[in-house]
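Spelled out from the first residue to the last, the chains are:
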Amino acid sequence: MSHSTEPGPGPKRRNVLRAGAASVVAAAALRGIPAQAAAPAPAAAPAPEGTVPLAAASGARPAPSGRWDAFNLSPAGRTLTPVAVYATTGSVSGAGGLLRKRGAAARLRGAGASVTLDFGREVGGYVTLAVGAGTDASQQLGLTYSELSTYVSTASSDGSNGGSNDEPPVVYPAAPSGRISTATDVPVAGTDATDPASQLRGGFRYLTVVNQSGGTVELTGVQVEITFAPNAADLRAYPNYFSCDDDLLTRVWYAGAYTVQTNIVANDQGRVWGPPAVGWNNGARIGEAGQTVLVDGAKRDRTVWPGDLGISVLTDYVSLGDMRTVRDSLQTLYNHQADSGALPYAGPAVDFIGNSDAYHLWTLIGTAAYLQYTGDTAWTTGIYPRYKAALDYITGKIDSDGLLDVTAAADWARTDSDGKNIEANAIMYRALATAGPLARAAGDTATAEDSAARAAALKSAVEAAGYWDSGAGLYRDKPGSALHPQDGNALAVWFGLVPDADRAAAVSTALGARWTPVGALSPEKSAEAVHPFPGGMEVHAHFAAGRAATALDLIRREWGYMLDAPQGTASTFWEGYRTDGSSDYSGSYMSAAHGWSTGPTSALTFWLLGIAPAADGSAAGYRIAPHPGGLGRAEGQLTTPAGVIAVSWHDRGHGTFDLTVSAPRRAVAEVAVPVPATGGYTVRVDGATAWADGRAYAQAARAEDGRVVLTGLPAGTREITVRPA
């Protein structure tokens, strides 16, 4: 998840990570976790490779071109030059020449002279500087990096190592007519690491180059070689796309996709843990299958965190389609499963094992989602014994009252995360509800039936236990608690834990009443917290409650704020901030390109566009159900195990709606079109009447919650129209 870490001991994961340069065992001791639980389990042999039918990185066809391409933030190539000079200090001339590959020379004269270069968006990788012939002998240059302009500095990079976060300029000799490469050259100061590869900087927008000596340094070029998503031959060739008539929403969709793309990293380019005392080291082995993993952030922690996957896997699926990386990330987590069945709170190199029931559950949910999104039964049946052991481990913590009692309380940074909190029980409900398809694929019908029964019992137990506060219109965090959390309430609606539509609408309404000018409150973190991880859950919840306009308003407010904030990356979404816009993760340590903050990307595809997988986690076919929310147009496509589903729709108002669906055989189970709340109307499929005068004529049409639902549509391209009588 985000794995920012705040100073001092305490119950949050981030506190564990910030325990300093001590070992994992010592960090665990601060939280009262047994040393054996925190130590890495022996790595199991990787599961057989199997066949993955869906993966953009493995050759899925790119989406068609269109106006939406203008919103794609991924670069056309891997070598990028800066687009602007953000600032200079001291005696600097010709800095603008560095904005071109072959520009005029820039000169930095005297110690402290610096130029801060702006790449215009989040980038990440190795930097190369070309040093001109006009450079004096025995000169040195220092490099600092920052994602947000708030933390641009000649004295330090923004925090990333997770311990001291003491990251002064990384210093290199600057020889006349020479070249500095952070990929191959050994720094002379500013880091404890000696391997040049450790100096990969995973995420930054701003690069500051500082003259560390007294003479003149001439620069003739600066560029960064992008290292994220190394499995993608063309970073812009997404297999899926999204577009609508609100450009901000389209921007948000693509910024979410780009954020997750920056979080796909090579297996040997993760953050070293424990942290170095000075500087950073991104040379750790963090994946144990394939070539890439999906980590929590571009700058840090550069580790597989299961909670983050709860959002970032969905984003990856609807945009990049790189399910091979998802599979290999899950495999790495299962490789470190404890004998008890407990799964990691974080993968290698962090390797916290068995101290988070919530993150344990997110791995189970991610495994079920992977099967649903790919149809890859070869891998999922191979991993099933480990999945089953993990399921048995966590269901063993369901108390006699039917509720999960959290005893391993590490979570995403929320407070009071132990016991029978509503968030963990909502996650438990989803894990149980989606266990059936995976268990059946492995031939285990008994577990499928038991999981369904446990899910039903848990839903009833929540209703009976006193969580619901009718006066507030929200669930309490625990019975009797005064806290009404964003995460637990949003998940209760999104995951279907609520008993009915009225309850869902009540929760949605109450959550919306708590918004601030910069986004929705996350009071389970603090009274000033705005956290896009549970915020993305809230977006899905508003859609699920039938309040699409509210969901879209929240996206515009919170994610629009992050995109357009002057201090931001203009391209990626932040880990968490406060109501005043400042970091909520130890200042500069906050990640500004965090996959767990990309919930709107999947929500816009699943709900607004309306291409959604089966709610129960099965592969029974997709539901096409647009939720316009006041918009007039949307289009896009999603690559599924059965093939590509493409959708476009126009809401022309006054009860007139046009929907075009193109899909292969057995890809779509049903299509639901919005119809007028009052008055007569006719629904036609390819010109033939399917519903009129309140009754069905074709396609087994039925009326349901303000829609007419059609089933059995033939494969190919179908035109569905709604017209008032």
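The model shown is predicted, which means the values in this text are computed figures rather than measured ones. (Residues numbered from 1 in each chain as written. Predicted model: local features only at pLDDT ≥ 70, side-chain atom pairs only at ≥ 80, totals over all residues. Heavy atoms only, no water.)

What exactly am I supposed to notice about the sheet that holds strand E16 (residues 611–612) here?
To summarise the sheet geometry, strands pair through backbone hydrogen bonds and adopt either a parallel or an antiparallel arrangement. If you trace the 5 strands from one edge of the open sheet to the other, you get E16-E17-E21-E26-E25, paired in mixed fashion. Because the sheet does not close on itself, it has two edges, and the strands there are E16 and strand E25 (702–704). Strand direction decides the pairing type here: strand E17 (residues 622–624) and strand E21 (residues 668–674), joined by 3 bridges, are parallel. Paired with tyrosine 622 across the two strands is valine 668, which belongs to E21. (Pairing = 2+ DSSP bridges. Helix = DSSP H or I, 4+ residues; strand = E, 2+ residues; numbered from the N terminus.)

Please explain unusual backbone geometry as it appears in this structure.
Leave glycine aside and you will find that most residues have negative phi; peptide bonds, for their part, are mostly trans. In this model, tryptophan 273 is joined to glycine 274 through a cis peptide bond whose omega is 0 degrees. One can find glycine 274 in the loop between strand E10 (264–266) and strand E11 (292–294). Following arginine 300, the chain continues into aspartate 301 via a peptide bond in cis, with omega recorded as 10 degrees. With respect to the secondary-structure elements, aspartate 301 resides in the loop between E11 and helix H5 (306–318). One non-glycine residue, alanine 229, lies in the positive phi region at around 45 degrees. With respect to the element layout, alanine 229 can be found in the loop between strand E8 (216–226) and strand E9 (241–244). Within the chain, alanine 570 stands out as a residue other than glycine whose phi angle is a positive 60 degrees.

Which parts of the structure should I look at to understand helix H16 (residues 599–609)?
Burial analysis of H16 places 11 of its 11 residues in the buried class, which makes it a mostly covered element. Along H16, the residues that are buried comprise Gly599, Pro600, Thr601, Ser602, Ala603, Leu604, Thr605, Phe606, Trp607, Leu608 and Leu609. Residue glycine 610 follows H16 closely and has a positive phi angle near 100 degrees. (Buried < 20%, exposed > 50% of the residue type's maximum accessible area, 1.4 Å probe, protein only.)

In this structure, what is going on with the environment of aspartate 553? I would like to understand it.
Position of aspartate 553 among the secondary structure elements: in helix H15 (residues 548–564). Owing to a relative accessible area of 39%, aspartate 553 belongs among the partly exposed residues under this scheme. When the C-alpha atoms of aspartate 553 and valine 539 are compared, they prove to be 9.3 Å apart, with 14 residues separating the residues in sequence.

Would you mind going over the sheet that holds strand E22 (residues 681–685) with me for this structure?
A sheet is described by the order of its strands in space; here 8 strands give the open sequence E9-E18-E19-E20-E27-E22-E23-E24, paired in antiparallel fashion. The open sheet has two free edges, formed respectively by E9 and strand E24 (695–696), since each of these has just one partner strand. Relative to strand E19 (residues 643–653), strand E18 (residues 633–640) runs antiparallel, the two being bridged by 8 bridges. What sits directly across from leucine 638, in E19, is isoleucine 645.

Would you mind showing me how to read helix H8 (residues 377–395) here?
Residues spaced three or four apart along an α-helix point in a common direction, a consequence of the helix completing one turn every 3.6 residues. Along H8, the helix axis deviates most sharply at tyrosine 384, where the bend reaches about 50 degrees; the proline proline 385 sits within four residues downstream. Listed in full, the buried residues belonging to H8 are Trp379, Thr380, Ile383, Tyr384, Tyr387, Ala390, Leu391, Tyr393, Ile394 and Thr395. Looking at the packing, one finds that the buried side of H8 touches helix H6 (323–335), helix H7 (357–374), helix H9 (422–433), helix H10 (435–441) and helix H11 (445–464). (Bend = angle between axes of the 7 residues up to and from the residue. Contact = heavy atoms within 4.5 Å.)

Just to check I follow, could you spell out the pattern of salt bridges for this structure?
In a structure, side chains of opposite charge can pair up when their charged atoms sit close to one another. By the definition in use, this model includes 38 salt bridges. The partner of lysine 478 in a salt bridge is aspartate 418, with the nearest N and O atoms 2.9 Å apart. Residue lysine 478 is found in the loop between strand E13 (474–475) and helix H12 (486–494), and its partner aspartate 418 is found in the loop between H8 and H9; the two are separated by 60 residues along the sequence. Relative accessible area serves as the criterion here: at 17%, lysine 478 is assigned to the buried category. On the basis of relative accessible area, aspartate 418 is assigned to the partly exposed category, the value being 35%. Of the charged contacts, one joins aspartate 686 and arginine 718 as a salt bridge, the two residues approaching to 2.5 Å between their closest N and O atoms. One end of the pair, aspartate 686, is in the loop between E22 and strand E23 (688–692); the other, arginine 718, is in strand E27 (residues 716–724), with 32 residues separating them in the sequence. For arginine 718, a relative accessible area of 18% translates into the label buried. Among the charged side chains, a salt-bridge network with shared partners connects Glu147, Asp158, Glu167, Arg201 and Lys299. (Salt bridge = Lys/Arg side-chain N within 4 Å of Asp/Glu carboxyl O.)

Would you explain the packing of H6 against H7 in this entry?
Angle between the axes and distance between the axes are the two parameters that describe a pair of packed helices. Their axes nearest at 10 Å, the elements H6 and H7 cross at an angle of 150 degrees. The element H6 and its partner H7 pack so that their crossing is left-handed. Residues Met323, Val326, Arg327, Leu330, Leu333 and Tyr334 of H6 lie in contact with H7, whose contacting residues are Thr363, Leu364, Gly366, Thr367, Tyr370, Tyr373 and Thr374. Classifying every residue of the contact of H6 with H7 by side-chain character gives 8 nonpolar, 4 polar and 1 charged. (Axes fitted to C-alpha atoms, helices over the stretch in contact; angles between N-to-C directions. Left-handed = near helix turned anticlockwise from the far one by under 90°. Nonpolar A, V, L, I, M, F, W, Y, C, P; charged D, E, K, R; others polar.)

Please explain the confidence of the model for the protein as it appears in this structure.
Parts of the model with low pLDDT should not have their predicted coordinates read in detail. Per-residue confidence for the protein gives a mean pLDDT of 92, with 91% of residues at or over 70. Under a pLDDT of 50 for its full length, residues 1–58 has, in the predicted model, 173 contacts with residues more than four places off or in other chains. (pLDDT = per-residue confidence, 0-100.)

I keep staring at the nonpolar core and nothing clicks. Help me out?
It is characteristic of soluble globular proteins that their nonpolar side chains tend to be buried jointly. In this structure, Leu364, Leu659 and Val683 are the most contacted members of the largest nonpolar core, which totals 197 residues. Top element by residues in this core is H7. It accounts for 11 residues. When residues no more than four places from it in sequence are discounted, the contact partners of leucine 364 are Tyr334, Leu343, Tyr387, Ala390, Leu391, Ile394 and Ala431. (Core = buried A, V, L, I, M, F, W, Y, C linked by side-chain atoms within 4.5 Å.)

Honestly, the packing of aromatic side chains in this entry has me stumped. Any pointers?
We describe a pair of aromatic rings using the distance from one ring centre to the other and the angle between the two ring planes. In the structure shown here, the tally under the stated rule is 28 aromatic pairs. Plain terms: the ring middles of tryptophan 253 and tyrosine 254 are 4.6 Å apart, the flat faces sit at 70 degrees to each other, and that makes the pair edge-to-face. Tyrosine 254 carries the same exposure label as tryptophan 253, and that label is buried. Centre to centre, the rings of tryptophan 494 and phenylalanine 495 are 5.0 Å apart; their planes meet at 35 degrees, and the pair counts as tilted. A relative accessible area of 10% means that phenylalanine 495 is categorised as buried. Among the aromatic residues, ring-to-ring pairing joins Phe119, Tyr145, Phe204 and Trp280 into one connected group. Lying over the aromatic face of tyrosine 589, arginine 300 brings its terminal NZ or CZ to 4.1 Å of the ring centre. Positioned above the aromatic ring of tryptophan 468, the side-chain terminus of arginine 503 is 4.1 Å from the ring centre. (Phe/Tyr/Trp six-rings, centres within 6.5 Å; stacked < 30°, edge-to-face > 60°. Lys NZ or Arg CZ within 6 Å of the ring centre and 35° of its normal.)

Could you clarify how one ought to interpret the environment of tryptophan 494 in this entry?
Inspection of the secondary structure puts tryptophan 494 in helix H12. By relative accessible area, tryptophan 494 is classed as buried at 17%. Discounting chain neighbours no more than four positions away, the residues touching tryptophan 494 are Ile311, Leu314, Met537, His540, Ala541 and Ala544. At a separation of 3.5 Å, a polar atom in the side chain of tryptophan 494 contacts the side chain of histidine 540. (Polar contact = N/O pair within 3.5 Å; in protein donor to acceptor, adjacent residues only side chain to side chain.)

Is there a simple way to think about the side chain of glutamate 167 in this case?
Looking at the element boundaries, glutamate 167 is found in the loop between strand E4 (139–146) and strand E5 (170–174). Engagement of the side chain of glutamate 167 in a polar contact is seen with the backbone nitrogen of asparagine 161, the distance being 2.9 Å. Reaching out from glutamate 167, the side chain makes a polar contact with the side chain of arginine 201 at a distance of 2.9 Å. Apart from the residues within four sequence positions on either side, glutamate 167 is in contact with Ala155, Ser156, Ser157, Asp158, Gly159, Ser160, Asn161, Arg201, Gly279 and Trp280.

Looking at this structure, I do not really get the environment of alanine 646. What am I missing?
Tracing the sequence through the fold places alanine 646 in strand E19. Assessed through its relative accessible area of 21%, alanine 646 is described here as partly exposed. As for alanine 646 and threonine 717, which are separated by 71 residues in sequence, their C-alpha atoms are 8.9 Å apart. Residues in contact with alanine 646, not counting those within four places in the same chain, are Gly636, Gln637, Thr660, Val661 and Ser662.

I keep staring at the packing of H12 against helix H14 (residues 532–544) and nothing clicks. Help me out?
Across the interface, H12 lies against H14 with an axial gap of 8 Å and an inter-helix angle of 35 degrees. By crossing handedness, the relation of H12 to H14 is classed as left-handed. Within the contact between the two elements, H12 uses Gln486, Asp487, Ala490, Leu491, Val493 and Trp494 and H14 uses Pro534, Gly535, Met537, Glu538, His540, Ala541 and Ala544.

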